Amino acid sequence: MPDQQVRPPLAFAPEELRSRFPHLCVVSAATGAGLDALGETVAALFPAGGAESAGELLTNARQADAARRALEAVTRASESLEAGITPDALLTDAEEALAALGELTGASVREDVTARIFERFCVGK
């Protein structure tokens, strides 16, 4: 007798769940049925932005802090320029913004972050 696939019945009918989960997608891992609908649903819920939104997701508190510090430094520099301060006088704010952005891109790493890495992962032991 050839092997027959036995499929267990669904524990819940999709119609029963739809009232609680409006974006419900029924997908079959065995056949792939429903994957197109799942892809369309995800695309509708999380629309892709243009090039201007690339990389806008911050994944941890350190990144959020670096972005906040960069924004604050740029804001201070902008306000100083509007107040008539010469560009050389606001260089510290510009450098602070660049350092914070460097942390986001990986171009620079603060010493306290490096120290934490060595503490947590015992590098070199």
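Looking at an unreviewed UniProt entry, the chain carries the name MnmE helical domain-containing protein, with the source organism given as Flavonifractor plautii 1_3_50AFAA.

Give me the overall build of the chain: which residues, what numbers.
Assigned secondary structure in the chain consists of five helices and zero strands. Secondary structure elements of the chain occur, N-terminal to C-terminal, as α-α-α-α-α. Looking at the 125 residues of the chain, the share that counts as buried comes to 13%. Carbon together with sulfur atoms contributes 60% to the accessible area of the chain, which is approximately 10,200 Å² in total.

Got a sec to walk through the pattern of salt bridges? Specific residues and values, please.
The final tally for this structure, using the stated rule, is six salt bridges. Its salt-bridge partner being Asp-65, residue Arg-69 comes within 3.0 Å of it at the nearest N-O pair. Here Arg-69 and its partner Asp-65 are both found in helix α3 (residues 61–82), four residues apart, which amounts to about one turn of the helix. Classification of Arg-69 by relative accessible area gives buried; the value is 16%.

Parameters and conventions
Numbers given for residues are sequential positions, taken from 1 along each chain in its written order. The model is predicted, so local features are restricted to residues of pLDDT at least 70 and side-chain atom pairs to those at 80 or more, both for listing and for counting; the totals for chains, interfaces and linings are taken over all residues. Side-chain descriptors were evaluated using all non-hydrogen atoms of the structure, hydrogens and water having been removed beforehand. Helix numbering and strand numbering both begin at the N terminus, where a helix is a DSSP run of H or I of at least 4 residues and a strand a DSSP run of E of at least 2. To sort residues, take the accessible area from a 1.4 Å probe on protein chains only and compare it with the maximum for the residue type: under 20% means buried, over 50% means exposed, and anything in between is partly exposed. All accessibility values rest on the Shrake-Rupley procedure with a 1.4 Å probe; residue burial counts only the protein chains present in the view. Just to be clear on terms, a salt bridge is a Lys or Arg side-chain nitrogen sitting within 4 Å of an Asp or Glu carboxyl oxygen.

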